Structure formats: structure tokens, C-alpha cells
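Spelled out from the first residue to the last, the chains are:
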Amino acid sequence: MAIQWFPGHMNKAKKELEERLGSIDVVIEMLDARLPGSSANPMIARLARGKPALKVLNKQDLADPAATEQWLQWYRKQPGTQAIGLDASDSAPAQKLVAACRELAPNRGGIDKPLRVVICGIPNVGKSTLINSLMGKRIAKTGNEPGITKGQQRIMLADDIELFDTPGMLWPKIIVPQGGFNLAASGAVGRNALDEEEVVLELLLYLMKRYATELDARYKVGEIADLQDWQLLELIGKKRGAVLSGGRINIQKAAEIVLTDFRDGNIGRISLERPEEWAAWEKAAKEHEVLRAAQKENARLEREEKKKGVRK
Ligand code: G4P
């Protein structure tokens, strides 16, 4: 799968985050509630190992509430981890963050031991929207403090809780193919990174499995059990007037309609993965990686053997 990759930016972000983490008590990772597994950046978990973690499942207004509940339970079972659902309509996000952070770091707090928190997340999870809403409250500039860049903005979540934004950009790392499709469907991966039609067909396959009623309510497609994904896309195109001269379906247009509807929540509250699905995809991807590494190593050894043979 062709995915855009930005190693330069990532390395800079990684270094800066690593430096920052030294003086941080809680690491908040913002995730897209519709695709928590795919929108997580494994590098954050690796760098923050051992630090209390708060997973914020954002855009919960767009996600399937039952799936969000499953994800929250799943994260809360992990050691040193708390999880909350959130969306931009929440009038008091700071209170939720404060409560979760205090629970995660009960020994910090008070004026002489302020609780320091960093917030990170891949682009498009809604980090700027949340920060803007928090900034409306209280902002303080930083002075000379170890591990904290001078002049950097910090948000006072409470008198003794300081929130710092992640320096640099943390791009998603695509570790499982389904994750790539889900990130693209959500809009987190640029338009040119993946074939839009392929993304929509994957999206439709999942919706046909889990959200057939919602599909019918939106597109009046009737019974879809016997349809293939591409047949459904054509049917949606036809129903929506995405038709070219001669009556051919404009597939590109049909794909855009479905994608926009999904992103805007017009098909309903939809989640593209459940914890057990994500775990299975991840396991398969890791096994595939191990197999590929073994095949590569075998090929390398064979080449070396051949070289030795030629020399003899
Ligand atoms: P980022 O900093 O993590 O990259 O994300 P940002 O806040 O820019 O948000 C990305 C998009 O997601 C924005 O839409 C924003 O309005 C939307 N968004 C953020 N939080 C929520 C939420 O909780 N629920 C929903 N439904 N949407 C949310 P956009 O189309 O890119 O821009 P605009 O519509 O705000 O102009």
C-alpha cells in the first residue's frame, strides 16, 4: 500500500517529545474515537513507556457509542492507563482532563509539585480544536524551567496542572493495512496517499457488515446482503445522480459522496474498528512482518552463499 511518509518531520518530533517527557507526569494521547487503534501512534507509547497515560477518544459525536464504550473499557484495563470520551461540543473539557490526570498522578499537584501533562496526537484528531477551547480559559508563558522551552505556551488546566502541546508533528504510522484504509477514510491521511476508490470500497465492506440499516436509511439501497462492495458503490452513485453521459456511473463522484457523508456523520455514528478486531489485525500484521524479515534474511544468506561459490 502506498502511504506518504515523512521521516524528517517524525525524527524532529520524536527528539523533541523525548526531551519533553523527562519532566512530564502524564501523557495524553488524543485518538479518533471512530478508529482508536489506527489513529494511535505507536511511537508515543514507546517513548512514554512507564508514564501514566490518558487516552482521549475524541470526536465521539461521530463514533458508535457502543464501540466507544468497548474501547474505553479496553484502555482502562491496561496498567497506568485511563481513558475518556470527548468531542468539541463538550462545554467543560478541562474538568474531564483534570479529573483523569489527578487520578493517574495522585502524588503530584499543589503549587510546589505541579502536575505536568503533555498532549499529543496525529493530525486531524481534533487537537487544535481542543487546545483552542482550553486556551480560551488560561494561558501562561513559560520561563526558565528544566525540560521546558522558554516562551512556550502552557495552559493552566488548574492552578497546579500545566498542559503542554507536543512540539512538532506526529504523523500516523501505518502498521496494519486496515489501519491505512481507516485513516484515509477519516481524512487523516492526505487525498493523494491512497486510491480513493479502494478506500471507499474497504469502507463500504465494513459498513455492509455492521451498518446495513444505516446505509439503507441514507441511500435507500434496500437489501444489500447479496451485493458486492463495488455493486453497492455503483448503486449509491445511481441513486445520487452520479451518472456520466451514456448512463455510466461516475465512480469517482460516488466515492466522494460516500466519503464526505461518512466524515460528516451523515450515515450515522460509525466506528470502523473494535478492540478485538484491531488486536487481530495487529497480530496478523506482526506475523506478516516476521515472515517477511525471515524471507529477506534467507534471500540474503542465499546471495552470500552464491557469492562464495563464485569466488571458489
Ligand atoms: P488537529 O489539530 O488534530 O489536526 O485537528 P483539528 O482541531 O484541526 O480538527 C480537524 C477537523 O476535525 C476540523 O474540521 C475540526 O472542526 C473537526 N473536529 C475537531 N474536533 C471535533 C469533534 O469533537 N467532533 C467533530 N465532529 N469534529 C471535530 P475541518 O473540517 O478540518 O475544519 P472545520 O470544519 O473546523 O473548518
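Conventions used here
- Residues numbered from 1 in each chain as written.
- Predicted model: local features only at pLDDT ≥ 70, side-chain atom pairs only at ≥ 80, totals over all residues.
- Heavy atoms only, no water.
- Phe/Tyr/Trp six-rings, centres within 6.5 Å; stacked < 30°, edge-to-face > 60°.
- Helix = DSSP H or I, 4+ residues; strand = E, 2+ residues; numbered from the N terminus.
- Buried < 20%, exposed > 50% of the residue type's maximum accessible area, 1.4 Å probe, protein only.
- Expected span 1.5 Å × (residues − 1).
- Near = heavy atom within 4 Å.
- Polar contact = N/O pair within 3.5 Å; in protein donor to acceptor, adjacent residues only side chain to side chain.
- Salt bridge = Lys/Arg side-chain N within 4 Å of Asp/Glu carboxyl O.

Visitor: Can you explain the packing of aromatic side chains? Please cite residues and give values.
Guide: Considering all chains together, one arrives at 4 aromatic pairs under this definition. Relative to Trp74, the ring of Trp71 lies with its centre 5.2 Å away and its plane at 85°, an arrangement referred to as edge-to-face. Within this pair, Trp71 and its partner Trp74 are both found in helix H3 (residues 65-76), separated by 3 residues, close to a single helical turn. Judged by relative accessible area, Trp71 falls into the buried class, the value being 0%. Trp74 gets classed as partly exposed once you look at its relative accessible area, which sits at 29%.

Visitor: Could you give an account of helix H7 (residues 196-210), with specific residues and numbers?
Guide: The end-to-end C-alpha distance of H7 is 21 Å, a good match for the 21 Å that 15 residues give at a rise of 1.5 Å each. By the burial criterion, the buried members of H7 are Glu196, Val199, Val200, Leu201, Leu203, Leu204, Tyr206, Leu207 and Met208.

Visitor: Lay out the site of the ligand with the relevant residues and their values.
Guide: Ala88, Asn124, Lys127, Ser128 and Thr129 are the nearest of the 14 residues found near the ligand. Within the backbone of Val125, one N or O atom sits 3.2 Å away from an oxygen atom of the ligand. For the shell around the ligand, the element with the most residues is helix H5 (residues 127-135), which contributes 3 residues.

Visitor: Lay out the pattern of salt bridges with the relevant residues and their values.
Guide: Applying the stated criterion to the full structure yields 16 salt bridges. Of the charged contacts in the structure, one is a salt bridge between Arg154 and Glu162, with a shortest N-O distance of 3.1 Å. The pair formed by Arg154 and Glu162 is uniform in burial state, with each residue classed as buried.

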